[in-house]
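Coordinate inspection notes
Now for the letters of each chain:
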Amino acid sequence: MKILSIIGARPQFIKCAPLSRAIRKEHEEILVHTGQHYDAEMSDVFFNDLSIPEPEYNLSIGSGLHGEQTGKMLIEIEKVILKEKPDMVLVYGDTNSTLAGALAASKLHIKVAHVEAGLRSFDRRMPEEINRVMTDHISNLLFCPTETAVINLKNEGVTDGVCNVGDVMKDALEYNRPIAEKKSTILENLGLSPKEFMVATVHRPSNTDSVENLSSIVKAFIDVDETIVFPVHPRTEKYLKEYGLWDELCQHVKVISPVGYLDMLKLMNNSKKILTDSGGVQKEAYMLGVPCVTMRENTEWVETVEDGWNILVGADYGKIVDAIEGFEGIGKVRNVFGKGASSDKILHEIHSVC
Ligand code: UD1
Ligand code: UDP
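These notes cover the structure that comes with them. (Residues numbered from 1 in each chain as written. Chains lettered and ligands numbered in written order. Predicted model: local features only at pLDDT ≥ 70, side-chain atom pairs only at ≥ 80, totals over all residues. Heavy atoms only, no water.)

1. Some thoughts on a negative patch on the surface
What counts here: Exposure above 30% relative accessible area and the absence of a salt bridge qualify a residue for a patch, where like charges join within 9 Å and nonpolar side chains (Val, Leu, Ile, Met, Phe, Trp, Tyr) within 5 Å. The Shrake-Rupley method, run with a 1.4 Å probe, gives the accessible areas here. Residue values count only the displayed protein chains as cover. By salt bridge we mean one thing: a side-chain nitrogen of Lys or Arg within 4 Å of a carboxyl oxygen of Asp or Glu. In summary, the charge assignment counts Lys and Arg as positive and Asp and Glu as negative, without counting His or the chain termini. Charged side chains are reduced to one point each, which is NZ for Lys, CZ for Arg, CG for Asp and CD for Glu. Helix and strand labels come from DSSP, where a helix needs a run of H or I of at least four residues and a strand needs a run of E of at least two; each type is numbered from the N terminus.
On the surface, a cluster of negative charge is made up of Asp225, Glu297, Asp316, Asp322 and Glu325. Counting through the fold element by element, Glu297 comes out in the loop between strand E12 (292-294) and helix H15 (302-306).

Set out below in structure tokens:
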């Protein structure tokens, strides 16, 4: 089979690494990088860390408004599909690259497989929620990471081609955790001792694009008596500088450039708490058994909250400070994201329908 895989943003590189490895054992894979993320620390580092093959196509779309970025991707992906004539197009997660890939393929009557299908925050102000809903409704194979995702799809009348295969991010985490512990020198480089610091990430538009919300998060990080390491997403750096928050933040918090996956795993695995608005990082915190403070009002990963490992605090200064100081993970870590080997299950499902 010829499978065309579409990736473009940081979390998609991580999700595709284990599945691409499995696909290439038995099938021809054409890897398309849309170029949504393009800085070395947002893209190249993941290809090196995770030994992802060089993409056959790099569309170099870059940043832009939603319509502009998605539209440019659609135009270029369509050309690649027409040229390569794949049997299936594989898309990951919930970014503009996901939606563009699914839309281009479905209009050309090529089967679409969606990895990480069925997730819902029920918040239509999130661009990702629009991408998720649209992609799921035009996909032929819907690979859900959790049982909740299967139920969400059922509630929208989507049942054909739906399968709970567990989460490919668990495959990536399990494979790379021992490698990260051995190879990454980030703790030494930053002068950190295990379990004596917290790691933070922030990049959601609801936090970065609001001066009130970003100020409140920054103030909380500055005011607590904790060592916080903060690899800053380029979107967030732009707004921190625009709002005049950058210099004070850098005086009180260990602000660093975005890090590769191995360094990030090492930081998370050794941190005493994780502070984030990322989807992937919430799951990784759960899988690593590290308490997570999520600076959002809602989450797609409800199991992490239900099981007592994650707390939603929005951008509320008081709630963030209280959670940094007082929230502890109390529950048991269950196999809500499957037992691993999700990539093999996906391949098995692909074989059974094609
Ligand atoms: C995108 C995804 C989001 C995902 C995130 C992962 C959409 C709508 N959003 O958000 O779901 O959680 O990726 O990190 O698809 N920039 C750079 N260099 C880069 C990439 C981006 O400087 O390599 C800056 C640009 O100023 C750009 C901004 O970051 O405008 C936002 O990038 P974009 O890819 O549009 O959205 P993300 O916030 O990264
Ligand atoms: N990540 C990373 N380096 C960083 C920040 C995040 O490797 O500096 C990893 C993180 O461990 C997770 C993924 O990137 O696997 C999450 O991506 P992101 O938060 O950008 O997107 P989301 O998951 O919210 O869509």
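2. Some details on the site of ligand 1
Threshold: In these notes, residues near a molecule or strand are those with any non-hydrogen atom within 4 Å of it. Pairs of N or O atoms within 3.5 Å make up the polar contacts considered here, provided that, within protein, one atom can donate a hydrogen while the other can accept it, and that residues adjacent in sequence are counted only when both atoms are side-chain atoms. Gly counts as polar in this scheme, as do all residues outside two lists: the nonpolar Ala, Val, Leu, Ile, Met, Phe, Trp, Tyr, Cys and Pro, and the charged Asp, Glu, Lys and Arg.
In the vicinity of ligand 1 there are 19 residues, among which His37, Tyr38, Asn96, Glu128 and His203 approach most closely. Within the backbone of Tyr38, an N or O atom sits 2.8 Å from an oxygen atom of ligand 1. Here ligand 1 has 750 Å² of accessible area as a free molecule, and 88% of this is covered by the chains. At the level of elements, helix H3 (66-84), helix H5 (127-137) and helix H11 (234-242) are the ones that each hand at least two residues to the shell around ligand 1. Across the shell around ligand 1, the residue classes tally to five nonpolar, nine polar and five charged.

3. A word on the packing of aromatic side chains
Using the following cut-off: Here a Phe, Tyr or Trp ring, Trp counted by its six-membered ring, pairs with any other such ring whose centre lies within 6.5 Å, and the pair is stacked when the planes are under 30 degrees apart, edge-to-face when over 60, and tilted otherwise. Here's how the labels work: a residue is buried when its accessible area is under 20% of the maximum for its type, exposed when over 50%, partly exposed in between, all with a 1.4 Å probe on protein chains only. Definition used: whenever NZ (Lys) or CZ (Arg) falls within 6 Å of the ring centre and also within 35 degrees of the ring normal, the charge is taken to sit over that ring.
Taken as a whole, this structure holds six aromatic pairs when the rule is applied. For the pair Tyr239 and Tyr243, a centre-to-centre distance of 5.6 Å together with 40 degrees between the ring planes defines the contact as tilted. Judged by relative accessible area, which is 15%, Tyr239 ranks as buried. Here the aromatic cluster, defined as three or more aromatic residues joined through ring pairs, consists of Phe13, Phe46 and Phe47. The ring of Tyr175 is capped by Arg21, whose NZ or CZ atom sits 4.0 Å from the centre of that ring. Its guanidinium or amino end placed over the ring of Trp246, Lys241 lies 4.7 Å from that ring's centre, counting from NZ or CZ.

4. Overview of the pattern of salt bridges
For the structure shown, the criterion picks out 22 salt bridges. Among the ionic pairs, Glu128 bridges to Arg204, the shortest N-O distance being 2.8 Å. Of this pair, Glu128 sits in helix H5 while Arg204 sits in the loop between strand E8 (198-201) and helix H9 (205-208), and the two are 76 residues apart along the sequence. Arg296 serves as the salt-bridge partner of Glu300, at 2.4 Å between the closest nitrogen and oxygen. Neither Glu300 nor Arg296 differs from the other in exposure class; each is buried. Several salt bridges converge on common partners, so that one network encompasses Asp94, Glu129, Arg132, Arg296 and Glu300.

5. Some points on unusual backbone geometry
Outside of glycine, negative phi angles account for most residues, and trans bonds account for most peptide bonds. Its identity as a non-glycine residue notwithstanding, Glu116 has a phi of 85 degrees, on the positive side. If you trace the backbone, Glu116 turns up in the loop between strand E5 (111-115) and H5. What makes Glu116 buried here is its relative accessible area of 9%.

6. Let's talk about the layout of surface pockets
Heads up, the rule is: Detection works on a 1 Å grid of protein atoms alone, calling trapped sets that fit a 1.4 Å probe cavities and calling open sets with protein on both sides within 12 Å along at least five of seven lines pockets, with lining residues defined by an atom within 4 Å of a point. Grid points are joined across faces, edges and corners, and a volume is the space filled by probe spheres set on the points.
Each pocket or cavity is described by its volume, and for the largest pocket that value is around 1,200 Å³. Ala9, Gln36, His37, His203 and His233 are, among the 49 residues lining the largest pocket, the residues nearest its centre. Listing elements by their share of the lining of the largest pocket, those giving two or more residues are helix H1 (10-26), H3, H5, H11, helix H13 (261-270) and helix H14 (279-288). In terms of residue class, the lining of the largest pocket is built from 19 nonpolar, 17 polar and 13 charged. Roughly 290 Å³ of volume is contained in the second largest pocket.

7. Notes on the sheet that holds E12
Rules: Following DSSP output, two strands are said to pair if at least two bridges run between them. Axis geometry follows a simple rule: fit a line to the C-alpha atoms, using only the stretch in contact for helices, then measure angles between N-to-C directions, giving values from 0 to 180 degrees. Two residues qualify as a contact provided that any one of their heavy atoms is within 4.5 Å of a heavy atom in the partner residue.
Across the sheet, which stays open at both edges, the six strands sit in the order E10-E9-E8-E11-E12-E13 with parallel pairing between neighbours. In this open sheet, the two strands that pair with only one neighbour each are strand E10 (254-256) and strand E13 (310-312). Averaged over all neighbouring strand pairs, the angle between strand axes comes to 20 degrees, with direction disregarded. Bridge count between strand E11 (residues 273-276) and E12: three bridges; the pairing is parallel. What sits directly across from Ile274, in E12, is Cys292. Sitting on the sheet, H14 is in contact with E8, E11, E12 and E13, with an inclination near 165 degrees to E11.

Read these as geometric descriptors, not functional statements.
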